[in-house]
Amino acid sequence: MSALHAFYGSHGVLTALIVLPLAGTVACLAVRPERARTVALGVALAAFAISLPLFWTFDPLAPGFQNEVAVPWVPDWGIAYRVGLDGISLLLVLLTTFLTPLAILSTWTSVTRRPRAYYAMMCLLLAGMVGVFVALDLFLFYVFWEVMLVPMYFIIGVWGHERRVYAAMKFILYTAFGSLLMLVAIVGMWWLHREQTGVASFAYLDWLRVEVPPDLQLWLFLAFALAFAIKVPLVPFHTWLPDAHVEAPTAGSVLLAGVLLKMGVYGFLRFALPFFPAVALDPWVVRTTLVLALLGILYAAWVAAVQPDAKKLIA
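Residues numbered from 1 in each chain as written. Predicted model: local features only at pLDDT ≥ 70, side-chain atom pairs only at ≥ 80, totals over all residues. Heavy atoms only, no water.

Draft legend 1. Structural detail: the overall build of the protein chain. Scanning the protein chain from terminus to terminus reveals 16 helices and 2 strands. Taking 315 residues into account, the globule formula puts the C-alpha radius of gyration at 20 Å, and the protein chain, at 20 Å, falls close to it. Overall size of the protein chain, expressed as C-alpha extent along the three principal axes, is 55 × 55 × 35 Å. Of all 315 residues assigned to the protein chain, the portion counted as buried reaches 49%. Residue pairs at least 24 apart in sequence account for 75% of intrachain contacts in the protein chain once pairs closer than 6 positions are excluded. If you sum the accessible surface of the protein chain, you get close to 14900 Å²; carbon and sulfur atoms cover 72% of it. Of the side chains in the protein chain, 18 bear a positive and 16 a negative charge, and the two mean positions are spaced by 14 Å. (Helix = DSSP H or I, 4+ residues; strand = E, 2+ residues; numbered from the N terminus. Rg over C-alpha atoms; globule rule 2.2 N^0.38 Å. Buried < 20%, exposed > 50% of the residue type's maximum accessible area, 1.4 Å probe, protein only. Contact = heavy atoms within 4.5 Å. Areas by Shrake-Rupley, 256 points an atom, 1.4 Å probe, with all protein chains shown as cover. Lys, Arg positive; Asp, Glu negative; His and termini not counted. Charge placed at Lys NZ, Arg CZ, Asp CG, Glu CD.)

In structure tokens, the structure reads:
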């Protein structure tokens, strides 16, 4: 057990969970078509096996992040490969690595068209999802956020059902619009940090100390919040989800509902609330969020009550 703690206290575990699926992406494209699914399943199972001991070795009483890695990437702009784990991201990483092998198995025999590309997209999606939950550099987080969208777009648009192209385009347009707003907010926060400290940094912990002017807090909060609200999705930004969920192949639906939708709430908890607590706790913002959430619950229940299609019912 002590050896296990020593290994999982090292700095390479989270990197392995990202690099392994990226290597699997290349491997799936390189092998024969009939071997691609075996490679993808092996990569997914290996990622799950690597991630599982994180649960036992994680110290819930230790402050801050664990398994941190910080390697300079673009020093002049303050960009670094910086990843780490806390209690929230730990559970989401485990959820991701647990569901991905099941998703691959769910389409084990049904995907016969371009299997190498399909299973390569599954591996790339795994890398992007894990990266989103462990990134502690906002530039790196944005990169993983965008990387994660690309394979899901192709999984829906190429291997989906009859209206797959429409659903894929709707998915990418909604999420890309939210991502662009988030990018503007990220650049704004980077500029504020550099103005206040004289140091360029995208580090999450550095940004927690940024004093955001009152006249900018609401706008920056809304830019982050809109991107995450689309991903949740919160009413009225929800209309992309039923189409994407229904038209996606089974594996896409599993990961969409099981992991990708959790990223919206994760974004609120990780970024929007800590960066802008005054706005997040403003009575008008709280009431508006509660009303939209309540409308979503009632509207979804009303539609689901008369829905004969099982996938639409879940969506």
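More follows now that the structure is in view.
Draft legend 2. View of the packing of helix H7 (residues 138–159) against helix H13 (residues 262–275). It is at 14 Å that the axes of H7 and H13 come closest, and there the two elements cross at 160 degrees. When the axis of H7 is compared with that of H13, the two are roughly antiparallel. Crossing geometry of H7 relative to H13 is assigned as left-handed. Here Leu138, Phe141, Trp145 and Met148 of H7 come into contact with H13, specifically with Met263, Phe271 and Phe275. Its residues assigned to classes, the contact of H7 with H13 comprises 7 nonpolar, no polar and no charged. (Axes fitted to C-alpha atoms, helices over the stretch in contact; angles between N-to-C directions. Parallel < 35°, antiparallel > 145°, perpendicular 65-115°, else oblique. Left-handed = near helix turned anticlockwise from the far one by under 90°. Nonpolar A, V, L, I, M, F, W, Y, C, P; charged D, E, K, R; others polar.)

Draft legend 3. Molecular detail of the layout of surface pockets. Volume-wise, the largest pocket comes out at about 590 Å³. Lining the largest pocket are 27 residues, with His238, Leu241, Pro242, Ala300 and Ala315 positioned closest to its centre. Mapped by element, the contributors of at least two residues to the lining of the largest pocket are helix H11 (240–247), helix H15 (283–304) and helix H16 (310–314). Partitioned by chemical class, the residues of the lining of the largest pocket number 19 nonpolar, 4 polar and 4 charged. The wall of the second largest pocket is formed by 19 residues, among which Phe221, Ala225, Leu234, Phe268 and Thr289 lie closest to the centre. Taken together, the elements giving at least two residues each to the lining of the second largest pocket come down to helix H10 (214–231), H13 and H15. When grouped by side-chain class, the residues that make up the lining of the second largest pocket number 17 nonpolar, 2 polar and no charged. (1 Å grid on protein atoms, 1.4 Å probe; cavity = no way out; pocket = protein on both sides within 12 Å on 5 of 7 lines; lining within 4 Å. Points joined across faces, edges and corners; volume = space filled by probe spheres on them.)

Draft legend 4. Structural detail: the environment of Ala251. Its place among the elements puts Ala251 in helix H12 (residues 250–260). Each C-alpha atom, one on Ala251 and one on Ala103, is 4.3 Å from the other, the two residues being 148 residues apart in sequence. Once you skip the residues sitting within four places of it in the chain, Ala251 turns out to touch Ala103, Ser106, Thr107, Tyr118 and Met122.

Draft legend 5. The packing of aromatic side chains, seen in detail. Enumeration according to the criterion identifies 28 aromatic pairs in this entry. Taken together, a centroid distance of 5.3 Å and an interplanar angle of 70 degrees make the contact between Tyr118 and Trp159 edge-to-face. Taken as a pair, Tyr118 in helix H6 (residues 115–134) and Trp159 in helix H7 lie far apart in primary sequence, 41 residues in all. Given the relative accessible area of 9%, Trp159 is considered buried. Arranged with centres 6.1 Å apart and planes meeting at 85 degrees, the rings of Phe275 and Phe276 form a pair that is edge-to-face. In this structure Phe275 comes out as buried when scored by relative accessible area, which is 6%. The ring centre of Trp145 lies 5.4 Å from the NZ or CZ of Lys231, which sits over that ring. Over the aromatic face of Trp284 sits the side chain of Arg287, whose NZ or CZ is 6.0 Å from the ring centroid. (Phe/Tyr/Trp six-rings, centres within 6.5 Å; stacked < 30°, edge-to-face > 60°. Lys NZ or Arg CZ within 6 Å of the ring centre and 35° of its normal.)

Draft legend 6. Main features of a nonpolar patch on the surface. Taken together, Leu52, Phe55, Trp56 and Leu91 make up a surface patch of nonpolar side chains, about 430 Å² in accessible area. Its place among the elements puts Phe55 in helix H4 (residues 53–57). Judged by relative accessible area, Phe55 falls into the partly exposed class, the value being 47%. (Patch = residues over 30% accessible without salt bridge, like charges linked within 9 Å, V, L, I, M, F, W, Y side chains within 5 Å. Salt bridge = Lys/Arg side-chain N within 4 Å of Asp/Glu carboxyl O.)

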